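Each chain, written out:
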Amino acid sequence: MKKKAIYPGSFDPITFGHLDLLKRSCKLFDDLTIAVVVNPHKKALFTVDERVAMIKMATKKYRNVKIDKFDGLLVDYAKKVKANVIIRGLRAIADFEYEFQMALVNRSLYKPLDMVYMMPSVEYTYLSSSIVREVASLGGDVSGFVSTFIAGKLKEKFNNA
Ligand code: PNS
């Protein structure tokens, strides 16, 4: 059976931590879709379409990666695209409780689905989109955390140019 995986998240914006995980996942799965959640209740810095465009730019060298967006339940999206694996990153103990809950809830909603947790490189274990947004909003240098063009987009958003 073809191993089709989804890498879901907010990606607001995509960071080197996400890209590190993507690089690892690409070697494990034949078909990988980065799925950006459409969540009207969560205030994001970038629109979903801006995020999708940034992810496309950041991942164009990967041939087996697709970019998509989804709303509603992740399990329903997984059923729709016939994916059997969800990839998530696990950085520190702080991530564990939420991820554990999410894994078990998703499995109880859709039995054939498995969650695969990947550890990023040690240099990205502290990295999150929210910390990148905060640094950028205060005029800090985010070039070690995100691709150059995303750093530019962050500058535009915060008007630090
Ligand atoms: O990058 P994030 O914000 O940690 O990603 C969280 C995400 C999008 C994977 C999660 O919120 C999600 O799956 N949302 C879709 C709604 C859903 O299925 N909720 C139940 C999961 S327990």
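In case you missed it, the structure is sitting above this.
Residues numbered from 1 in each chain as written. Predicted model: local features only at pLDDT ≥ 70, side-chain atom pairs only at ≥ 80, totals over all residues. Heavy atoms only, no water.

(A) Focus on the sheet that holds strand E1 (residues 4-9). Pairing is parallel across the open sheet formed by five strands, whose spatial order is E3-E2-E1-E4-E5. At either margin of the open sheet sits one strand with a lone partner, and together these are strand E3 (65-70) and strand E5 (114-118). Averaged over all neighbouring strand pairs, the angle between strand axes comes to 30 degrees, with direction disregarded. Two strands pair when backbone bridges link them, and strand E4 (residues 85-89) and E5 are joined in this way by five bridges, in the parallel orientation. The residue of E5 that forms the bridge with Val-85 is Asp-114. The strands touched by helix H3 (residues 74-81) are E1, strand E2 (31-37), E3 and E4; relative to E1, the strand with the most contacts, the crossing angle is about 150 degrees. (Pairing = 2+ DSSP bridges. Helix = DSSP H or I, 4+ residues; strand = E, 2+ residues; numbered from the N terminus. Axes fitted to C-alpha atoms, helices over the stretch in contact; angles between N-to-C directions. Contact = heavy atoms within 4.5 Å.)

(B) Molecular detail of the side chain of Glu-99. With respect to the element layout, Glu-99 can be found in helix H4 (residues 93-109). In this view, Glu-99 contacts Arg-88, Gly-89, Leu-90 and Tyr-117; residues no more than four positions away in its chain are not counted.

(C) Spatial organisation of the layout of surface pockets. Estimated volume of the largest pocket: approximately 1,100 Å³. Around the largest pocket, the lining comprises 41 residues; the ones closest to its centre are Gly-9, Ser-10, Lys-42, Arg-88 and Tyr-98. For the lining of the largest pocket, the secondary-structure elements that each account for two or more residues are E1, helix H1 (16-26), helix H2 (48-58), E4, H4 and helix H5 (129-137). Among the elements that take part in the lining of the largest pocket, H4 stands out by supplying seven residues, more than any other. (1 Å grid on protein atoms, 1.4 Å probe; cavity = no way out; pocket = protein on both sides within 12 Å on 5 of 7 lines; lining within 4 Å. Points joined across faces, edges and corners; volume = space filled by probe spheres on them.)

(D) Structural view of the packing of aromatic side chains. Using the criterion set out here, one finds five aromatic pairs in the structure. With a centroid separation of 5.2 Å and an interplanar angle of 85 degrees, the aromatic rings of Tyr-7 and Phe-11 are classed as edge-to-face. The exposure class of Tyr-7 is buried, given its relative accessible area of 5%. Among the residues examined, Phe-11 registers a relative accessible area of 2% and is labelled buried. (Phe/Tyr/Trp six-rings, centres within 6.5 Å; stacked < 30°, edge-to-face > 60°. Buried < 20%, exposed > 50% of the residue type's maximum accessible area, 1.4 Å probe, protein only.)

(E) Layout of the site of the ligand. Contacts to the ligand come from Gly-9, Ser-10, Val-37, Lys-42, Phe-70, Gly-72, Leu-73, Leu-74, Arg-88, Tyr-98, Met-102 and Asn-106. The contact in question runs from an oxygen atom of the ligand to an N or O atom on the side chain of Ser-10, over 2.5 Å. Residue Arg-88 places a side-chain N or O atom 2.9 Å away from an oxygen atom belonging to the ligand. Taken by itself the ligand offers 540 Å² of open surface, and the protein chains cover 73% of this. Given that more than half its atoms are within 2 Å of the pocket grid, the ligand belongs to the largest pocket. (Near = heavy atom within 4 Å. Polar contact = N/O pair within 3.5 Å; in protein donor to acceptor, adjacent residues only side chain to side chain. Areas by Shrake-Rupley, 256 points an atom, 1.4 Å probe, with all protein chains shown as cover. Sits in = over half its atoms within 2 Å of the grid points.)

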